[in-house]
There are 2 protein chains.
Amino acid sequence: MTETESVLTSKELAESVLQDNSTDYSNSPDTHQRRRRWRIPKPGMGIWLDLHDRLPLYGKDWTDAWDYRVIPSVIETYFNNLLPALAFAQDMFDRTDNAYGVNEVLLSSAMAGIVFGVMSGQPLCIVGVTGPVSIFNYTVYDIIKPLNTDYFGFMFWVCIWSMIFHFIMAITNLVGLLQYVTTFPCDIFGFFINVVYIQKGIQILILQFNNDNAPDADNNASGFASIVVALLMLIFGLIFKQFTRTPLLNHTIRTFISDYSTALSVLFWSAFTHFGGRLNDIHFEKLPITKSFFPTSQTMRDPTTWLAYHSIPARDVFIALPFGIILTILFYFDHNVSSLMAQRYQYKLTKPSSFHYDFLLLGVTTGIAGVLGIPAPNGLIPQAPLHTESLLVHDVDGSVIKCVEQRFTNTVQGVMMLGTMTRPFLVCLHQIPQAVLSGLFFIMGISGLMGNVIVSRIIWLFTDSTRKNLSDPLNNIRTRSLVIFLCFSLAGFVGEFAITNTIAAIGFPLILLLTVIVCFIFPRIFTKEELEILDPHVAQRFTIKNLLMENLCGHHTKADDSQMGTVDF
Amino acid sequence: MTETESVLTSKELAESVLQDNSTDYSNSPDTHQRRRRWRIPKPGMGIWLDLHDRLPLYGKDWTDAWDYRVIPSVIETYFNNLLPALAFAQDMFDRTDNAYGVNEVLLSSAMAGIVFGVMSGQPLCIVGVTGPVSIFNYTVYDIIKPLNTDYFGFMFWVCIWSMIFHFIMAITNLVGLLQYVTTFPCDIFGFFINVVYIQKGIQILILQFNNDNAPDADNNASGFASIVVALLMLIFGLIFKQFTRTPLLNHTIRTFISDYSTALSVLFWSAFTHFGGRLNDIHFEKLPITKSFFPTSQTMRDPTTWLAYHSIPARDVFIALPFGIILTILFYFDHNVSSLMAQRYQYKLTKPSSFHYDFLLLGVTTGIAGVLGIPAPNGLIPQAPLHTESLLVHDVDGSVIKCVEQRFTNTVQGVMMLGTMTRPFLVCLHQIPQAVLSGLFFIMGISGLMGNVIVSRIIWLFTDSTRKNLSDPLNNIRTRSLVIFLCFSLAGFVGEFAITNTIAAIGFPLILLLTVIVCFIFPRIFTKEELEILDPHVAQRFTIKNLLMENLCGHHTKADDSQMGTVDF
């Protein structure tokens, strides 16, 4: 059990750092705290606490779904989940010699939606296929290709290893370390993912210049025509997507336009390619689809069954192990942060969170994904928080009254994903030109960057001092500190982005881990007040109740509404 | 003298309307005013007053040019004048079977710059080739083609007639009617011109699909590639052009970026077409140039001489007369409003204006344009006000201290236009792809629309009432009044735009005149307070001193700094 030991050691290290941290904050460490420092919570304690809190509410989660909000929420969540998933399907299709396609991505989303909708402790967190998993999958493909081993067999073992590590982390309460995560790595990760989206959009457009189905001479025409479609979609999509930033119409209509703009953009610009004129001369490559309910790949696996497990040499089983660790690190971070973001204190949730048990469940879905040969699903940013927002009930002034916390929306959008796998829906999806998927990537990436805190801090730095918003907390930060902090942020981004563009791309979750760890040196560089603004904790006390050491070690306290950090993502 | 008589009648009509108007405002017309109502100022009185005020300052206008501001002003004005002129040259080249080209447009700008720089009463007003004149020229071409008459001979007579009407209007003091012009027709005209710019940009792009120099199969490629270049140029050009709206950097740098962004955009995106990759496969059609200092057309006129006068049948000389009237109406409006806008009260000009004499001079340049067979120049919006702005001296707080009023900048930019006609510069211009000119039209059109008051009023109408700026004067307007006023504005625009897209395009100055006249019914629909906000007078008392009836009729008062309307264009 070397693995567990080393993990425990790193946990202890983190705990001792916490101790330093709390010393730093309170300046009066008492003996009681010092004694508790080395206490280790019982294995399975976190899972037990989660189930203890949440299980009694499972029935109520279904009766609570009797509310009008769930109807628009299901529709919005379905499209928010489907459209980026299609873009990732296209990306993986292109980069894995068609190992993955639309069917795999839909099946993964459906499985995740149903499993997490019905069984998870926090069914508000939408789970599906993410950009990082797409990168992970095709990078493994690139690495595995020269080894002449079966790709799906290898991915099976990666997922199985990852499932085992998920179980270990859930049982040993390692999910509790989440409480020390600050926004610094989240902001970098968000920045990185959005830049990657823009890069993916560009890559899809480049592929349009090498269109096998168009005659040679027309390749340039279809390439440039695709850029035109993507740019026009970007311009109009972004204007509508950012409509909530304008003072036009009223709040409800602004939100409506912003929410549905992406789905309508895909519809409109797909139709646009049929508007006639010179567009009729162009062959627009479409989103590739295959036989309904069957795997995409005809050559790399048995196309008649979803059971993708093939035996691979024992050597390769162990080569799969480090990949499993990397996938686990990625999911540990990405899934839990998605879940935290879906449970911001502004949403006024009343049902408890469930991080340990849900991470266990994520291990299960990862294992299932390995068996079926589909991309492993995990928590989706920004879909998870958007899902919670779509369930909020507001009063006339626009303040949040409550959130319709239930299992119906997540489950039903999963079932709808399964329905999308039927032939008629696949044929509809096949009408989507790849150029539109590229535009979708651009809209997602640029919208994301516009909302990213690193971008807004860079803008702040270059803002005319006479025009700065005086109520902005950044006014309390020394310029020197802000510049240094931004350098750390950008260095983290450059590290992640650079590594994904090399053969070592697979290592990007390690850089991600590094950005989590580097935060522990911040108290030596910045003042406490500065860090509270620049790098607050991601989680708030109520949400992470079951992550806290005193609870895990038996001092189970009542729900506490005070938040540790009031950061707004 | 039927012409003069009818003109006098309309003047009397306008005067009586003014009388009604002033009755409406003061409610106490005295007998003195009533008696003065029918007095007619002496012919040439306006010109005499202008020269009387301005001639003594002609020498000082040269010595005052010894100021640093003139250097950036000359550079900025040159590019502001050159670039749209090139876009118009391309447009006329395409639509008149190459009757006009870059050489004609440059010669016209050079002639106008030098004549108005050296001789005009108000040398701040930049004169050159405008969009409306381009439309006028090619519409005349469309109409004249079936008549089998010589186009340049016909245009010679159009210009000569127009010159005569300019002289008549200047001598009979009809320029004085300008004082009754309100912002309503100016706003419509601005809206119309900017929409036409966008339309021109689209038309140039459509032509790229019918590229004679590219093989058939590549026409689509060069068409779509041109759209890509134009769209990218638009996106980045607009961001930089609107940089003064952001709070970034400081005022000086924002203004610098905004001012030079267009010239740098043309440079960058022209270079972009040589960046390699797939762009190398594309044949980008360039701005066509011909032999330096010689006329463009090789077939329609003697290409060895600028004297374009050919005899045409006497019948056609009289057909040219109504066209001359229309050109005069256009110039009366367009030139004088440009001049007014270059002399806003915010600019704190101290040297007197000169509308009557300058309109006489415009008649001369129109005549010269007819003789040389080049487009007739007139006052440029927005280049004229931008020129004045570039000459302002600010204090540290950004307030205007003074304006460097002189003849150097206008004259020198005219000489530079002449220099641009030399072979090396023409070769540089020939590097500009037509797609870039299209992007230039888009940037001009969309920037113009963003600053147009009709657009901002429509936006106001759709603004969330809780987010409206409480200090905006529009708060004092009833919504019903605003909607009715906007309907008038949009009806005026639709009229102008619709007519330019028919064979009757030539009539658009008549619609323009109609929009000037329709203002006289506004006091019956809107309250005085509403009209002061919605439709203020264009001119202010100091600027239009020599337009006022009491001055023209002999009661020559001292310069009066109070303004009639405080409208900011």
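In this text the structure is predicted, and so the values were computed from the model without any measurement.

1. Details of the overall build of chain A
And then number 1: Scanning chain A from terminus to terminus reveals 23 helices and 4 strands.
And then number 2: Relative to its full complement of 569 residues, chain A shows a buried share of 57%.
And then number 3: Within chain A, counting contacts between residues at least 6 apart in sequence, those at least 24 apart form 82% of the total.
And then number 4: Accessible area for chain A stands at about 22900 Å²; split by element, carbon and sulfur atoms hold 66% of it.

2. Here's the deal with the packing of helix H9 (residues 183-207) of chain A against helix H19 (residues 479-500) of chain A
Two packed helices can be described by the angle between their axes and the distance between those axes.
All names here are of chain A.
And then number 1: In the contact formed by H9 and H19, the axes pass within 9 Å of each other and the chain directions differ by 45 degrees. When the interaxial angle is binned, H9 and H19 end up oblique. Handedness of the crossing formed by H9 with H19: right-handed. For the pair formed by H9 and H19, the contact residues are Phe-184, Ile-188, Phe-189, Phe-191, Phe-192, Val-195, Val-196 and Gln-199 on the first element and Phe-485, Phe-488, Ser-489, Gly-492, Phe-493, Glu-496, Phe-497 and Thr-500 on the second.

3. Some words on the state of the cysteines
Two cysteines, two sulfur atoms, one covalent bond between them: this is a disulfide.
And then number 1: With the rule as written, the count across this model stands at 0 disulfides over all chains.
And then number 2: Looking at Cys-159 of chain A, it has no disulfide partner, and the nearest cysteine sulfur is the one in Cys-125 of chain A, 18 Å off.
And then number 3: Given a relative accessible area of 3%, Cys-159 of chain A falls into the buried group.
And then number 4: The thiol sulfur of Cys-403 of chain B is not disulfide-bonded, and the nearest other cysteine sulfur, from Cys-125 of chain B, lies at 13 Å.

4. Description of the UniProt feature "domain: Bicarbonate transporter-like transmembrane" (unreviewed entry) in chain A
And then number 1: Feature annotation in UniProt places "domain: Bicarbonate transporter-like transmembrane" (unreviewed entry) on residues 45-213 and 221-536 of chain A, given in this structure's numbering.
And then number 2: In residues 221-536 of chain A, the share of helix is 59% and the share of strand is 3%. The end C-alpha atoms are 50 Å apart.

5. Here we look at the packing of aromatic side chains
Residue and element names in this part refer to chain A.
And then number 1: Counted by the stated rule, this structure contains 64 aromatic pairs over all chains.
And then number 2: Seen from their ring centres, Phe-88 and Phe-441 are 5.7 Å apart, and the 55 degrees between their planes marks the pair as tilted. Taken together, the positions of Phe-88 in helix H5 (residues 70-95) and Phe-441 in helix H17 (residues 434-450) put the pair 353 residues apart, joining distant regions of the chain.
And then number 3: By relative accessible area, which is 0% here, Phe-441 ends up buried.
And then number 4: Ring geometry for Phe-485 versus Phe-522: centroids 5.2 Å apart, planes at 55 degrees, classification tilted.

6. Quick word on the relation of the copies chain B and chain A
And then number 1: Mapping chain B onto chain A calls for a rotation angle of 180 degrees and an axial translation of 0.0 Å; the resulting RMSD is 0.0 Å. Overall, the copies show the geometry of a two-fold rotation axis. Across chain B, the smallest distance between a C-alpha and the rotation axis is recorded for Ala-221 of chain B, namely 1.8 Å.
And then number 2: Most of the interface of chain B is mirrored in chain A, where 100% of its interface residues again form contacts.

7. Details of a nonpolar patch on the surface
All names here are of chain A.
And then number 1: Side chains of Tyr-68, Ile-71, Ile-75 and Phe-79 sit close together on the surface and give an oily, nonpolar patch of about 400 Å² of accessible area.
And then number 2: By secondary structure assignment, the location of Tyr-68 is in the loop between helix H4 (58-63) and H5.
And then number 3: Look at Tyr-68 and you get exposed, because its relative accessible area is 59%.

8. Quick look at the interface of chain B and chain A
And then number 1: Taken together, the contacts link 30 residues of chain B with 30 residues of chain A.
And then number 2: Summing both sides of the interface, chain B and chain A together bury roughly 2500 Å²; the carbon and sulfur share of this comes to 63%.
And then number 3: Connecting chain B to chain A are 2 salt bridges.
And then number 4: The partner of Arg-254 of chain B in a salt bridge is Asp-464 of chain A, and the shortest N-O contact between them spans 3.2 Å.
And then number 5: Where chain B touches chain A, the interface holds 15 residue pairs in polar contact (both at pLDDT 80 or more).
And then number 6: Those elements giving two or more residues to the side of chain B that touches chain A turn out to be helix H10 (219-241) and helix H11 (251-272) of chain B.
And then number 7: Among the elements that line the side of chain B that touches chain A, the one with the most residues is H10 of chain B, at 9 residues.
And then number 8: Residues that form the side of chain B that touches chain A fall into these classes: 17 nonpolar, 7 polar and 6 charged.

9. A look at the side chain of Asp-464 of chain A
And then number 1: With respect to the element layout, Asp-464 of chain A can be found in the loop between helix H18 (453-461) and H19.
And then number 2: In this structure Asp-464 of chain A comes out as buried when scored by relative accessible area, which is 9%.
And then number 3: Aside from chain neighbours lying at most four places away, what touches Asp-464 of chain A is Pro-247, Leu-248, Leu-249, Asn-250, His-251 and Arg-254 of chain B.

10. Comments concerning helix H12 (residues 314-341) of chain B
All names here are of chain B.
And then number 1: In a regular helix each residue adds 1.5 Å, so 28 residues correspond to 40 Å; H12 covers 40 Å between its end C-alpha atoms and thus fits that length.
And then number 2: When the local axis directions of H12 are compared, the greatest deviation, roughly 25 degrees, occurs at Pro-322.
And then number 3: A large share of H12 lies buried, amounting to 21 of its 28 residues.

11. Some details on the pattern of salt bridges
All names here are of chain B.
And then number 1: The final tally for this structure, using the stated rule, is 26 salt bridges over all chains.
And then number 2: The residue Asp-61 makes a salt bridge to Arg-54 at a minimum N-O spacing of 3.0 Å. With respect to burial, Asp-61 and Arg-54 carry one shared label: buried.
And then number 3: Across the salt bridge formed by Asp-316 and Arg-315, the nearest N and O atoms sit 2.8 Å from each other.

12. Re the packing of helix H18 (residues 453-461) of chain B against helix H19 (residues 479-500) of chain B
Residue and element names in this part refer to chain B.
And then number 1: Contact geometry of H18 with H19 gives a least axis separation of 11 Å together with a crossing angle of 145 degrees. Two packed elements cross with a definite hand, and for H18 against H19 that hand is left-handed. Between H18, through Ile-454, Arg-457, Ile-458, Trp-460 and Leu-461, and H19, the contact on the second element is made entirely by Thr-479, Leu-482, Val-483, Phe-485, Leu-486, Ser-489 and Leu-490.
And then number 2: Its residues placed into classes, the contact of H18 with H19 shows 9 nonpolar, 2 polar and 1 charged.

13. Points about H11 of chain B
Residues and elements named next belong to chain B.
And then number 1: Between its first and last C-alpha, H11 extends 29 Å over 22 residues, near the 32 Å set by a 1.5 Å rise per residue.
And then number 2: Maximum bend of H11: about 50 degrees, positioned at Ser-261.
And then number 3: Looking at the buried residues of H11, the elements they touch are helix H5 (70-95), H10 and helix H17 (434-450).
And then number 4: Residue Asn-250 occupies the N-cap position of H11, its side-chain oxygen lying 3.1 Å from the main-chain nitrogen of Thr-252.

14. Notes on the environment of Thr-63 of chain A
Residues and elements named next belong to chain A.
And then number 1: Following the sequence through the fold, Thr-63 ends up in helix H4.
And then number 2: Separated by 133 residues in sequence, Thr-63 and Val-196 place their C-alpha atoms 41 Å apart.
And then number 3: Among the polar contacts made by the side chain of Thr-63, one reaches the main-chain carbonyl oxygen of Lys-60 at a distance of 3.1 Å.

15. Observations concerning the pairing of strand S4 (residues 400-403) of chain A
All names here are of chain A.
And then number 1: Note: strand S3 (residues 392-394) against S4, 3 bridges, orientation antiparallel. If you follow Leu-392 over to S4, its bridge partner there is Cys-403.
And then number 2: Linking S3 to S4, which pair antiparallel, is a turn of 5 residues; within it Gly-398 sits at a positive phi near 90 degrees.

16. Comments concerning the environment of Ala-87 of chain B
And then number 1: As for its position among the elements, Ala-87 of chain B is in helix H5.
And then number 2: What Ala-87 of chain B contacts, discounting residues up to four positions off in sequence, is Leu-437, Leu-440 and Phe-441 of chain B.

17. Topic: unusual backbone geometry
And then number 1: The linkage connecting Ile-381 of chain A with the following residue, Pro-382 of chain A, adopts the cis geometry, with an omega of 5 degrees.
And then number 2: The topology assignment puts Pro-382 of chain A in the loop between strand S2 (378-379) and helix H14 (383-390).
And then number 3: Positive phi outside glycine occurs at Asn-148 of chain A, with the angle close to 55 degrees.
And then number 4: Unusually for a residue other than glycine, Asn-173 of chain B sits at a positive phi of about 65 degrees.
And then number 5: Along the chain, Asn-173 of chain B turns up in the loop between helix H8 (151-171) and helix H9 (183-207).

About the criteria used
- Residues numbered from 1 in each chain as written.
- Chains lettered and ligands numbered in written order.
- Predicted model: local features only at pLDDT ≥ 70, side-chain atom pairs only at ≥ 80, totals over all residues.
- Heavy atoms only, no water.
- Helix = DSSP H or I, 4+ residues; strand = E, 2+ residues; numbered from the N terminus.
- Buried < 20%, exposed > 50% of the residue type's maximum accessible area, 1.4 Å probe, protein only.
- Contact = heavy atoms within 4.5 Å.
- Areas by Shrake-Rupley, 256 points an atom, 1.4 Å probe, with all protein chains shown as cover.
- Axes fitted to C-alpha atoms, helices over the stretch in contact; angles between N-to-C directions.
- Parallel < 35°, antiparallel > 145°, perpendicular 65-115°, else oblique.
- Left-handed = near helix turned anticlockwise from the far one by under 90°.
- Disulfide = S-S within 2.5 Å.
- UniProt positions renumbered as here; feature names shortened; annotations may be inferred.
- Phe/Tyr/Trp six-rings, centres within 6.5 Å; stacked < 30°, edge-to-face > 60°.
- Least-squares fit on C-alpha atoms with pLDDT ≥ 70 in both.
- Patch = residues over 30% accessible without salt bridge, like charges linked within 9 Å, V, L, I, M, F, W, Y side chains within 5 Å.
- Salt bridge = Lys/Arg side-chain N within 4 Å of Asp/Glu carboxyl O.
- Buried area = accessible area lost by both parts, 1.4 Å probe.
- Polar contact = N/O pair within 3.5 Å; in protein donor to acceptor, adjacent residues only side chain to side chain.
- Nonpolar A, V, L, I, M, F, W, Y, C, P; charged D, E, K, R; others polar.
- Expected span 1.5 Å × (residues − 1).
- Bend = angle between axes of the 7 residues up to and from the residue.
- Pairing = 2+ DSSP bridges.

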